[in-house]
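# Structure assessment
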Amino acid sequence: MKSIGIVGVGKYLPKKVLTNHDLEKLVDTSDEWIVTRTGIRERRIAEKNEATSDMAIKAAEAALKDAKLKAESIDLIIVATISPDMQFPSVATIVQAALKAHKAVAFDISAACAGFVYALIIAQQFIASGKYKNALIIGAEKLSSLVDWTDRSTCVLFGDGAGAAVVAPVKRNGIISTYLGSDGTGGNLLMVPAGGSRLPSSHDTINKKLHFVKMQGNELFKIAVKCMAEAANKALKQAGLGCKEVDCFIPHQANERIILAAAKRLNLDTDKIFMNIDKYGNMSSASTAIALCESVKSKRVKKGDIVVLDVFGAGLVWGACVIKW
Ligand code: ACO
């Protein structure tokens, strides 16, 4: 298999900051509860007229600039999202049109918080097979549009944003190993019940607030720790590496306690973990994309470093990817 890597990264975050203290005025919660239970201090909230694709386009432009590539030369655009602008068309085709990426094939994938790593691995396969030369992958979410702002058990957790990366063949280094897992039997633990073909939106579904995120946080917590540790272990084993060789561990940012518990299982030094959950909360597919971008741009990740992306989300779906940067 030829070496395939990430040759450009970008991000976009809405300007509006919603702090834990702001949330204290909305629901019966406290900054102390949110910080100690999740590690989150604030999150970004998109404007009313700012859709997921608007954020995706800005992150994509930044990644293309970073990769020194013109949109016209992109072969494939994959957007990972669970908060698309609308049921269809896809966010990816909206992005394609806005960027004037005329020759690109564009589609969305739904893999919740694991979406960016799923998109990366799909892009890798297309490039490795020789079908396409490069790909633009994006994790973009406006989760504020799916959150019940009267439900303290969920509204404190999520935020909005977008991250992007350009994937292409590289002369040296690149993706070393990947691992993906799914278990649909846990799908009921985290979902938006209405608005699809099972329960189309109606006055009744809206009155019952079924178009908002419903989550069994406790159950998910335990499964997330187990699956994230297992995914990273399997990908590292496949790469012939151990945790000692990892330079930067970039996990999905759902909860600081989940990340630390997974790292403990892995026997991974905590100073190797990249975390930005305090600033942004859980942005689903955008979280890992933005964390990767920030870790590269802040030089936390340097040339030759071993980077592990490790994700878990609704579905249930999870995965990991080991990259030599
Ligand atoms: N403020 C104050 N109290 C609260 C809040 C809040 N915002 N939310 C819940 N509580 C209360 C509960 O009502 C409960 O009170 P009780 O004991 O009187 O019943 C108490 O706090 C404890 O609640 P728990 O749910 O047990 O709290 P826990 O420590 O499990 O933390 C959390 C909850 C943060 C949701 C955690 O379970 C979690 O992070 N779960 C995993 C989330 C996740 O990984 N999701 C998957 C990825 S997301 C994706 O794919 C889109």
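Residues numbered from 1 in each chain as written. Predicted model: local features only at pLDDT ≥ 70, side-chain atom pairs only at ≥ 80, totals over all residues. Heavy atoms only, no water.

Secondary structure assignment for the chain yields eleven helices and 13 strands. By its C-alpha atoms, the chain is 55 × 45 × 35 Å across when sized along the principal axes. Buried residues in the chain amount to 56% of all 325 residues. For the chain, the proportion of contacts with a sequence separation of at least 24, taken over those separated by at least 6, is 76%. (Helix = DSSP H or I, 4+ residues; strand = E, 2+ residues; numbered from the N terminus. Buried < 20%, exposed > 50% of the residue type's maximum accessible area, 1.4 Å probe, protein only. Contact = heavy atoms within 4.5 Å.)

Let's shift gears to the environment of valine 308. The residue valine 308 is located in strand β12 (residues 306–313) in this model. Through-space distance from the C-alpha of valine 308 to that of isoleucine 250 is 5.9 Å; in sequence the pair is 58 residues apart. Those residues within four positions of valine 308 in sequence are excluded, and the remaining contacts are Ala232, Leu236, Val246, Cys248, Phe249, Ile250, Cys321 and Val322.

Before going further, it helps to examine the pattern of salt bridges. Here the structure, examined in full by the defined rule, presents nine salt bridges. Notably, a salt bridge pairs aspartate 204 with lysine 208, separated by 3.1 Å at the nearest N-O pair. A salt bridge links glutamate 294 to lysine 279, with the nearest nitrogen and oxygen atoms 3.4 Å apart. Residue glutamate 294 is located in helix α11 (residues 285–297), and its partner lysine 279 is located in helix α10 (residues 277–280); the two are separated by 15 residues in the primary sequence. For glutamate 294, a relative accessible area of 9% translates into the label buried. We classify lysine 279 as partly exposed; its relative accessible area is 33%. Connected through salt bridges with shared partners, the residues Lys11, Lys279 and Glu294 form a single ionic network. (Salt bridge = Lys/Arg side-chain N within 4 Å of Asp/Glu carboxyl O.)

A word on the domain arrangement of the chain. Parsing the chain into structural domains produces domain 1 (4–172) and domain 2 (176–324). Inter-centroid distance (C-alpha atoms) of domain 1 to domain 2 is 14 Å. With 49 residues of domain 1 in contact, the opposing surface of domain 2 contributes 46 residues. When domain 1 packs against domain 2, close to 3,600 Å² is buried across both sides, 65% of that on carbon and sulfur atoms. At the boundary of domain 1 with domain 2, the tally comes to three salt bridges. Among the ionic pairs, aspartate 66 bridges to lysine 297, the shortest N-O distance being 2.5 Å. (Domains from an automatic or database assignment. Buried area = accessible area lost by both parts, 1.4 Å probe.)

With that settled, consider the environment of proline 193. Structurally, proline 193 is set in the loop between β9 (190–191) and α7 (203–207). Distance in space between the C-alpha atoms of proline 193 and valine 213 is 7.8 Å, their sequence separation being 20 residues. Here proline 193 is in contact with Leu199, Leu210, Phe212 and Lys214, once residues within four sequence places are set aside.

All right, on to the site of the ligand then. Around the ligand sit 25 residues, and of these Thr29, Arg37, Cys113, Asn218 and Asn255 come closest. A distance of 2.7 Å separates an oxygen atom of the ligand from a polar side-chain atom of asparagine 255. With the chains in place, 74% of the 1,000 Å² that the ligand exposes on its own is no longer accessible. Placement of the ligand is best described as lying within the second largest pocket. Residue assignment for the shell around the ligand shows that the elements contributing at least two residues are α2 (31–38), α6 (152–155), α8 (217–239) and α9 (256–266). Ranked by residues supplied to the shell around the ligand, first place goes to α8 with four residues. The class makeup of the residues in the shell around the ligand is twelve nonpolar, nine polar and four charged. Residue contributions to the shell around the ligand reach at least three from each of two domains, namely domain 1 (4–172) and domain 2 (176–324). (Near = heavy atom within 4 Å. Polar contact = N/O pair within 3.5 Å; in protein donor to acceptor, adjacent residues only side chain to side chain. Areas by Shrake-Rupley, 256 points an atom, 1.4 Å probe, with all protein chains shown as cover. 1 Å grid on protein atoms, 1.4 Å probe; cavity = no way out; pocket = protein on both sides within 12 Å on 5 of 7 lines; lining within 4 Å. Sits in = over half its atoms within 2 Å of the grid points. Nonpolar A, V, L, I, M, F, W, Y, C, P; charged D, E, K, R; others polar.)

Here we take up the nonpolar core. Residues Phe249, Leu266, Leu268, Val308, Phe312, Trp318 and Val322 are the most contacted members of the largest nonpolar core, which totals 49 residues. For this core, the secondary structure elements donating two or more residues are α8, α9, β12 and β13 (317–324). Composition of this core by domain shows at least three residues from each of domain 1 (4–172) and domain 2 (176–324). Residue contacts for phenylalanine 312: discarding those within four places in its chain leaves Cys113, Ala114, Leu220, Ile223, Ala224, Cys227, Met228, His252, Val317 and Trp318. By size, the runner-up hydrophobic cluster in this structure holds 39 residues, among which are Ile121, Val167, Ala291 and Val317. (Core = buried A, V, L, I, M, F, W, Y, C linked by side-chain atoms within 4.5 Å.)

As a further point, take the layout of surface pockets. The space that makes up the largest pocket amounts to roughly 1,000 Å³. Along the lines of polarity and charge, the residues of the lining of the largest pocket split into 18 nonpolar, 14 polar and five charged. Each of domain 1 (4–172) and domain 2 (176–324) accounts for three or more of the residues forming the lining of the largest pocket. Here the second largest pocket is characterised by a volume of approximately 520 Å³. Lining the second largest pocket are 25 residues, and of these Leu157, Met215, Gly217, Phe221 and Asn255 sit closest to its centre. Listed by contribution, the elements that provide at least two residues to the lining of the second largest pocket are α2, α6, α8, α9 and β12. In terms of residue count, α8 provides more of the lining of the second largest pocket than any other element does, six residues in total. (Points joined across faces, edges and corners; volume = space filled by probe spheres on them.)

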